[in-house]
Structures are given as structure tokens and as C-alpha cells.
Amino acid sequence: MLLRDKLKSDPGFQYIVDSMNLISAAGRRALLDTPFLTSPETVNAELDNLDAVIAVVSAAESIHTVSEIKHHLMCLHDSQGTVANLSQHSVINEVELFEVKNIAYTAAAVSRASEPLGLKEIFSLPDLSDVFDLLDPDHTGLPHFYIYDSYHPDLPDLRKRMKQLQARTDDPEAATPYAELFSQHSDIQHSVEATLSQRLWPYADMLAIAVQRLAYIDILFAKAGLATAWQFSRPQVSLSPETRYDGLFNPRLLHRNQEQHKRYQPIDITIGNGLCLVTGANMAGKTVLLKTLGIAQLLTQFGMYVPAASASVSLVDDVLFCIGDEQNEMNGLSSFASEIIKISEVVRLSASQRLLILIDEPARTTNPVEGKAIVQALGDILVARNSLSLVTTHYSQLGIPCRRLRIAGFREDLVGAPLSPENINLFMDYSLVEDNTDTAPHEALRIASLLGCDTALISLAEEHLHNDTTT
């Protein structure tokens, strides 16, 4: 599984990836091809590299060096196709020869610039000086390339004569000899391209390594910049089945609230194997909680820091989301049908893999009798699975033997001001509390009343609620 496969799992994860300041085209492609890491050794190794780069970019004395490296990386093309052509012993053209020279130039420049940083192991780049010399016969020391005169003894005179004929644009007698010279020039150029390609074939693997490592350096700088700017922290890899976050926050929502001058409340949460049911009133942040947990898990296992004050993360084989409106108009599926297909996939995959399963209010779009039965059946299965499962629900009396967390929810005492649709989030306590009951909170009517909902409607609703609970 690659990072590109998870980009559409949640807009919040896409938001973070899009916010990474990648310098090069090669870096952007390589980021999308980043693998989902599932072993503690590989995750820790990636985070160790990130630690080292963060230390460098945070040091005042490294500012100019880091800027120089980034400047060189800006010129790095996504030359994967060119290198692949050389690997297949194909003849490459003048543009591709320029790309090869540029790889060699950039590798040498980044290698020289990074020497004072003490990152030799991470920034280790192959020596491509022979490649550069081959493509720089006039010893210009520049990354530019064309078929130099020195590549063939006939080129200087041929080009001189072509230039003279080009100056005679109004002379019809110049057209035929120019066409002949142009044909000779093309033949020589193709011959030079073939010769240079053959001499470059042995360097194809080294060029591929150089592009890969230069792209990786770009990615590390982007990860480091994001982590420091957004105050992310390094997650510890938990060797137990338990995941814990202190001060977990959703970056996209935090930034939106900051722009609107609204408060944001980070949360603390610990989860482990089996099922945890999460309850809470509408607007209490249950969906945001699930999305944020998924984002933090993905960031950890793609080798990045997480949006939390501290974190200890148990690794999984995959993160499965079942959140939001699952209606698929293109396939003609309703919300319920699409949701059930995804839940069925969760049940199937969790039988053989350790997953982080995040399901938001399952079966909420069907009739409540059958919906409750579906949630109970899903809960019975997930309780026994070796996965970390969080399911939000409004159903009560489910009878599932599992852990329950409740979002504290609405508190009139939090703000000394009248409640309104504009400030309702100020009255919400988003912290999580253990809940040993099997009853979902009933706060909808109270909030509706405080928001000024029609009194007759509220009274009738309370009467129906009382009748339902007493029968």
C-alpha cells in the first residue's frame, strides 16, 4: 500500500499532504509512492532520519546551507522515464541527455552542500562525476546541455555553413543546400546521441539511485518543515497493542478555527484491541475524533510526526474508514448499500489482519430496529478481533460487552453568554470520559430548546420521548 492509495480516505489527510512544501517534481512523485510501514524497525528508522533533519533545519547556523540544498533540488526533474530508457539500453534524445546531466550536477551539488550538516548517511549520493564529464566535454561546469561541437569533428563547419544559409532567408537557392546540411546535421546528432547513450547505459542504476535519494532528501525537508511549523511531535512506536495520544488535534479543523478566531480543544485518548463504542451528542466531535485518529495512524506509518503533544502508536496492517455519506451515485448505490459493502469488507479483512477500524454511526440511514441489530452484530464480531476498532453510535441498549467512551458534550457553564448557532462550539466539552452505561446521551432537545426552537415542537417531542421510555 502506498501513500497515494490513502489520499482520498479523508480530506484531512489530503490537506496535510497538500501542505507539504515539496521542492522537486521527483520529490512529489516519490512522496505518493511512499510505502505504508508496518514494522517497528522501519518506522523508527524513518523517524530517526526525520529527527536528524529537523535538528538541522531548526539550527540557525544551517539556514543558508539548507536554502542552498533546496535551491539545487528545485532543478530536479522527474526523470524516471529517462533513467528507465537507459536501463533498457534505449537511445535517449537531447532533452533526456540534459536530464541525465542535470541529475549528475544536482547530486554533486547537494552532496557538497550537505557535507557540513553531518547527514552523510542519510544524504549519501552516488558519485556521478564521470557522467557529468561525459556530458560536459567543454568543461563548462554548468547543468545545461546540447550536442556540443566537440562531439563530432564535422559539427563546427556544418553549423557555420547552416548559419550562413539561414541568413539568406530571401534567397530561394539557399533552401536546397540548407535542407541537405540539415539532414547531415540530424544524422550526426543521432549518431552522437546513440554513442552517448551507449556510454551511459552502465550508469543507469547509479542514476536511478541518485534520483531516488535526491527525492527522499526533498521529502525529508518537507516532512521536517511541516512538523516544525505545525508543532507536530514524534510518535513513539508502541510494542503493546495499545495506542495513546495526549493533546491530539485535527490540523485542518484547528487552522479553520484559528482563522475564525474560535477555540479548539485537543483531546487525550487511549485505545486498545477490541471494540470501543463512542457516544455523544450531535456536534460533540465524534466524527472528527475518528478522522483525526485515522490521520495520526497514517502519518505515523508513512514515517511522519503526528498532530499531538505526545503519542504512542501501535502499528496496524491498514486503516479502514467508514465515515460520512457513502452514497455512490455513479454506481446507483444508496448510502446504506455503500456503507454495508464497506462494513462487510471490514469484517472480512479483520479476520486475517490487524487493523485500525473507524466506523461512524453505522446503519444510521436504515430503519432503527434493523439498524440496531446490524450494529449489535458488527459489535459482536469486532469485540473478538485483533484490531483497534472505534464505532460511534446513537443507539442505546446494545448489550455489547465492550469499552465505552462518551464525549462530555454540552455544558452551559463553560461560557458566560447566551447560546447561539454562532457560538455553540464554545459550550461543547470535547474531552472523553469512560462510560459504563449502555445508554446514548440525550441532549438534542435541550440544545434545540436553548437555540430557541419552537416551544410547541419541543413540548410535543418531550411528550413522545416520555411515552417511549415508559412503555
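In this report, we go over the structure that sits alongside the text. (Residues numbered from 1 in each chain as written. Predicted model: local features only at pLDDT ≥ 70, side-chain atom pairs only at ≥ 80, totals over all residues. Heavy atoms only, no water.)

### Describing the overall build of the protein
For the protein, the count of helices and strands is 16 helices and 10 strands. Taken over C-alpha atoms, the radius of gyration comes to 31 Å for the protein, far larger than the 23 Å a tight globule of 471 residues would show. For the protein, the C-alpha atoms occupy an extent of roughly 105 × 55 × 50 Å along the three principal directions. Sequence-distant contacts in the protein: of pairs separated by 6 or more residues, those separated by 24 or more amount to 76%. (Helix = DSSP H or I, 4+ residues; strand = E, 2+ residues; numbered from the N terminus. Rg over C-alpha atoms; globule rule 2.2 N^0.38 Å. Contact = heavy atoms within 4.5 Å.)

### Looking at the sheet that holds strand E5 (residues 310-314)
Ordered in space as E1-E5-E2-E3, the 4 strands form an open sheet in which the pairing is mixed. Unpaired on one side and paired on the other, strand E1 (236-238) and strand E3 (267-271) mark the two borders of the sheet. Direction aside, neighbouring strands of the sheet carry axes that sit 20° apart on average. Where strand E2 (residues 243-248) and E5 come together, 3 bridges link them in antiparallel fashion. Pairing of Asp246 across the sheet is with Ser310, part of E5. Sheet strands touched by helix H12 (residues 286-301): E2, E3 and E5. Its angle to E2, the strand with the most contacts, is close to 110°. (Pairing = 2+ DSSP bridges. Axes fitted to C-alpha atoms, helices over the stretch in contact; angles between N-to-C directions.)

### Structural notes on empty space enclosed by the protein
If you walk through the whole model with that rule in mind, you get 1 cavity of 30 Å³ or more. Space inside the largest cavity adds up to approximately 70 Å³. In terms of lining residues, the largest cavity is bounded by 13 residues, among which Thr279, Tyr395, Arg404, Asp438 and Thr439 are the most central. Within the residue set of the lining of the largest cavity, elements represented by two or more residues are strand E4 (274-279) and strand E9 (403-410). Class assignment of the residues belonging to the lining of the largest cavity gives a composition of 5 nonpolar, 5 polar and 3 charged. (1 Å grid on protein atoms, 1.4 Å probe; cavity = no way out; pocket = protein on both sides within 12 Å on 5 of 7 lines; lining within 4 Å. Points joined across faces, edges and corners; volume = space filled by probe spheres on them. Nonpolar A, V, L, I, M, F, W, Y, C, P; charged D, E, K, R; others polar.)

### Considerations on the pattern of salt bridges
Counted according to the given criterion, the structure contains 15 salt bridges. Salt-bridge contacts for Glu46 lead to Lys223; the nearest nitrogen and oxygen are separated by 3.0 Å. A residue pair is termed long-range when its members are at least 10 positions apart, and Glu46 in helix H3 (residues 40-57) and Lys223 in helix H10 (residues 204-229) qualify at 177 residues. Connected via shared salt-bridge partners are Arg4, Arg29, Asp33 and Asp78. (Salt bridge = Lys/Arg side-chain N within 4 Å of Asp/Glu carboxyl O.)

### Points about the packing of helix H5 (residues 80-87) against helix H6 (residues 94-114)
Between H5 and H6, the least distance of the axes is 10 Å, while the angle of their chain directions is 100°. Our classification of the angle between H5 and H6 gives roughly perpendicular. For the pair H5 and H6, contact is made by Thr82, Val83, Asn85 and Leu86 and by Glu96, Glu99, Val100 and Ile103, respectively. When its residues are assigned to classes, the contact of H5 with H6 shows 4 nonpolar, 2 polar and 2 charged. (Parallel < 35°, antiparallel > 145°, perpendicular 65-115°, else oblique.)

### Observations regarding H12
Along its 16 residues, H12 runs 23 Å from first to last C-alpha, staying within 8% of the 22 Å computed at 1.5 Å per residue. Within H12, 13 of the 16 residues are buried, which leaves the element mostly enclosed by the surrounding structure. Immediately downstream of H12, the backbone of Gly303 shows phi near 75°, a positive value. (Expected span 1.5 Å × (residues − 1). Buried < 20%, exposed > 50% of the residue type's maximum accessible area, 1.4 Å probe, protein only.)

### Examining H10
Taking 1.5 Å as the rise per residue, H10 with 26 residues should run 38 Å; its terminal C-alpha atoms sit 38 Å apart, in good agreement. Positive backbone phi, approximately 60°, marks Gln231, located one or two places after H10.

### Topic: the packing of aromatic side chains
The relative placement of two aromatic rings is captured by the distance of their centres and the angle of their planes. Taken as a whole and assessed by the stated rule, the structure comprises 11 aromatic pairs. Both rings, one in Trp230 and one in Phe232, keep their centres 5.9 Å apart while their planes meet at 70°; by these two values the pair is edge-to-face. Accessibility assignment for this pair places Trp230 and Phe232 in one class, buried. Cluster of aromatic residues (ring-pair linked, three or more members): Tyr15, Trp230, Phe232 and Phe249. Sitting over the face of the ring of Phe132, Lys101 holds its NZ or CZ atom 5.3 Å from the ring centroid. (Phe/Tyr/Trp six-rings, centres within 6.5 Å; stacked < 30°, edge-to-face > 60°. Lys NZ or Arg CZ within 6 Å of the ring centre and 35° of its normal.)

### Points about the nonpolar core
Counting residues in each nonpolar core, the largest one holds 115 residues, and the members touching the most others are Leu135, Ile269 and Leu390. A total of 14 residues in this core trace back to one element, the largest contributor, which is H10. Not counting the four nearest positions on each side in its chain, Leu390 is found in contact with Ile269, Ile271, Cys276, Val278, Leu290, Leu293, Leu356, Ile357, Leu358 and Ile359. Formed by 19 residues, the second largest nonpolar core is a distinct cluster that contains Val346, Ile359, Leu378 and Val391. (Core = buried A, V, L, I, M, F, W, Y, C linked by side-chain atoms within 4.5 Å.)

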